[in-house]
Amino acid sequence: MHDIKLIRDDAAAFDAALARRGLEPQSPALLKLDTQRREALGRQQEAETERNALSKLVGRAKASGDEAEFNRLRGEVDRLKTVLEESSEQAKHFDEALNQHLAALPNLPEADVPMGKDESDNQEIRRWGEPKPLGFKAKDHVDLGEGLGQMDFEAAAALSGARFVALKGGLARLERALAQFMLDLHTGEHGYTEVSPPYLVRDEAMFGTGQLPKFADDLFRTTDGRWLIPTAEVPLTNLARDAIHGEDALPMRMTAYTPCFRAEAGSAGRDTRGMIRMHQFQKVEMVSLVKPEDSAAELDRMTGCAEKVLQLLELPYRVMLLCNGDMGFSAKRTYDLEVWLPSQDNYREISSCSNCGEFQARRMNARFRKEGEKKPAFLHTLNGSGVAVGRAMLAVMENHQNEDGSITIPAVLRPYMGGLERLVA
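Let me begin by describing the structure that accompanies this report.

## A word on the packing of aromatic side chains
Tallied over the full model, the rule gives 4 aromatic pairs. With a centroid separation of 5.6 Å and an interplanar angle of 80 degrees, the aromatic rings of Phe215 and Phe329 are classed as edge-to-face. With Phe215 in the loop between helix H8 (203–209) and strand E6 (220–221) and Phe329 in the loop between strand E11 (317–321) and strand E12 (333–341), this pair connects stretches of sequence that are 114 residues apart. Of the residues examined, Phe215 reaches a relative accessible area of 27% and is grouped as partly exposed. Ring geometry for Phe329 versus Phe359: centroids 5.7 Å apart, planes at 75 degrees, classification edge-to-face.

## Here's the deal with the packing of helix H7 (residues 169–188) against helix H10 (residues 295–312)
When two helices pack together, their arrangement is given by the angle between their axes and by how far apart the axes lie. Where H7 meets H10, the closest approach of the two axes is 11 Å, and the angle between their N-to-C directions is 130 degrees. Taken together, the axes of H7 and H10 are oblique relative to one another. In the crossing of H7 with H10, the sense of the turn from one axis to the other is right-handed. Residues Phe181, Met182, Leu185 and His186 of H7 form the contact with H10, whose own contacting residues are Cys305, Lys308, Val309 and Leu312.

## Thoughts on the sheet that holds strand E16 (residues 380–388)
Strand order in the open sheet formed by 8 strands is E1-E11-E12-E13-E16-E10-E9-E4, and the pairing between neighbours is mixed. The open sheet has two edge strands with one neighbour each: strand E1 (123–128) and strand E4 (193–194). Where E11 lies against E12, 5 bridges are found, and the strand directions are antiparallel. In the sheet register, Tyr317 faces E12, and the bridge partner there is Val339. Strands E1, strand E9 (252–261), strand E10 (280–290), E11, E12, strand E13 (346–355) and E16 of the sheet are contacted by H10, whose axis makes an angle of about 5 degrees with E16.

## Focus: the pattern of salt bridges
Under the definition given, this model contains 25 salt bridges. Asp140 is the partner of Arg273 in a salt bridge, and the nearest nitrogen-oxygen pair spans 2.6 Å. Of this pair, Arg273 sits in the loop between E9 and E10 while Asp140 sits in the loop between E1 and helix H5 (141–148), placing them 133 residues apart in sequence. The exposure class of Arg273 is partly exposed, given its relative accessible area of 44%. Through salt bridges with shared partners, a single network forms among Arg8, Asp34, Arg37, Arg38 and Asp95.

## So, the sheet that holds strand E5 (residues 200–201)
Within a sheet, neighbouring strands are paired by backbone hydrogen bonds and run either parallel or antiparallel to one another. With antiparallel pairing, the 3 strands of this open sheet are ordered in space as E5-E7-E6. Edge positions in the open sheet fall to E5 and E6, since each of these has one partner strand only. Across 2 bridges, the pairing between E5 and strand E7 (residues 227–228) is antiparallel. Counted as the bridge partner of Leu200 is Leu228 from E7.

## Notes on the environment of Gly304
Take Gly304: it is sitting in helix H10. Here Gly304 falls in the partly exposed class, since its relative accessible area comes to 30%. In this structure, the C-alpha to C-alpha distance between Gly304 and Lys375, residues 71 residues apart in sequence, is 34 Å.

Cut-off values and rules
The residue numbers shown here count from 1 along each chain, following its written sequence. Selection of residues for local features in this predicted model requires a pLDDT of at least 70, selection of side-chain atom pairs for listing and counting requires 80 or more, and totals for whole chains, interfaces and linings are taken over all residues. Where side-chain values are given, they derive from all heavy atoms of the structure, hydrogens and water being excluded. Two rings from Phe, Tyr or Trp (for Trp, the six-membered ring) form a pair when their centres are within 6.5 Å of each other. A pair whose planes differ by under 30 degrees is stacked, one over 60 is edge-to-face, and the rest are tilted. Only DSSP runs of H or I covering at least 4 residues are called helices, and only runs of E covering at least 2 are called strands; the numbering of each starts at the N terminus. Per-residue accessibility, obtained with a 1.4 Å probe over protein chains only, is compared with the maximum for each type, and a residue is labelled buried under 20%, exposed over 50%, and partly exposed between these values. Axes here mean lines fitted to C-alpha atoms, for a helix over just the part in contact, with angles spanning 0 to 180 degrees between N-to-C directions. Note that the term roughly parallel is reserved for angles under 35 degrees, roughly antiparallel for angles over 145, roughly perpendicular for angles of 65 to 115, and oblique for everything else. The handedness criterion is simple: a crossing whose near helix is rotated anticlockwise from the far helix by less than a right angle is left-handed, and one whose near helix is rotated clockwise is right-handed. Any two residues whose heavy atoms approach within 4.5 Å are treated as being in contact. Between any two strands, pairing holds if DSSP finds at least two bridges. Salt bridges are identified by distance alone: a Lys or Arg side-chain nitrogen within 4 Å of an Asp or Glu carboxyl oxygen.

On their own, these measurements won't tell you what the molecule is for.
Dropping the structure here:
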């Protein structure tokens with residue numbers, strides 16, 4: 001959500017930043033609504049002041065017995081009451097229209113975010129690890145999982161339709177092991193507090209993090225009007241909503257392991273094979289709430305926490321700075337981690353870490369008060385995958401596969417697998 005006061009102060013800069021999102025100038029329409037809202041509020045205030053003054057004169061006229069003056073003044077008060085009601089309704093109308101317009105606009109990208117239309121224009125920042133030659137033709141995770149007899153798409157489709165999977169035996173345990181490993185790493189070494197949040201949330205929570213109103217078609221809604229979370233970012237970030245936090249409570253760092261539910265309305269025909277793009281998947285999420293001056297460093301820190309997961313799993317990856325055309329709605333800067341998949345001979349996204357600045361905090365009214373200051377300020381919010389468990393599992397399967405179809409378990413996961421070193425059929 002954007003601050004209309006800042007748009008008033010420098011409309012040209014606001015429109016220039018939105019242009020980097022591929023949008024036409026929005027300030028003329030916004031400022032017109034803002035002017036109409038303020039004019040209506042002005043009429044309301046003037047009418048209220050005049051009515052209050054006349055009300056005193058009505059009392060005096062009544063006390064003096066001047067019936068004619070009393071009736072005249074009463075008529076004026078009644079007229080002002082109508083003006084008050086009309087101007088109040090107009091102010092409410094223009095305020096709602098202004099907020100709806102503002103709510104539909106994405107966050108402004110930072111000045112050094114690269115220009116581009118899509119993922120092909122993202123900028124590579126660094127790489128870690130080298131894809132190791134397998135010495136044989138790589139199988140994808142579907143062939144590997146089905147070869148083990150532990151990944152069943154047909155049974156899941158019979159239950160739920162396309163883009164679902166049933167994991168069994170060693171792969172089900174591997175998925176659980178990955179999540180436990182990530183949670184232990186983030187809580188034990190990276191300073192995050194583990195949270196077990198609700199999986200169903202109200203409209204206000206989805207609005208707060210930017211999923212609503214723009215992306216309703218990408219979500220699943222229940223019959224009682226609540227929403228299945230597309231990511232734990234939603235409940236974790238909203239834990240700070242409608243509150244003023246003490247400066248000494250910051251930074252607040254939280255992590256959660258949850259299922260995520262996505263309709264994938266705009267992905268027809270994309271990644272239809274396997275577990276790359278599912279309606280339901282597991283993810284370990286990281287969320288940070290910080291002071292504005294700390295958010296840039298916090299994004300680097302958060303990205304490093306996600307990188308550590310991949311390093312310990314011995315998975316080659318690269319870090320990409322997203323271009324303006326590929327960034328999410330609420331982000332002002334995003335780094336993607338892309339893990340190497342031998343079957344695709346390519347890197348694929350496994351984590352996305354974003355700095356949202358005060359964009360989400362404004363929508364949630366999440367603030368903090370600096371010591372010694374009366375006026376609170378908006379928090380900066382950050383979120384990142386730490387990481388997507390399903391994609392981590394398929395990356396482990398493909399990068400640590402053996403020619404006989406077995407999977408070597410990375411050393412860091414073996415304590416979570418009861419000491420098991422390999423998955424075999």
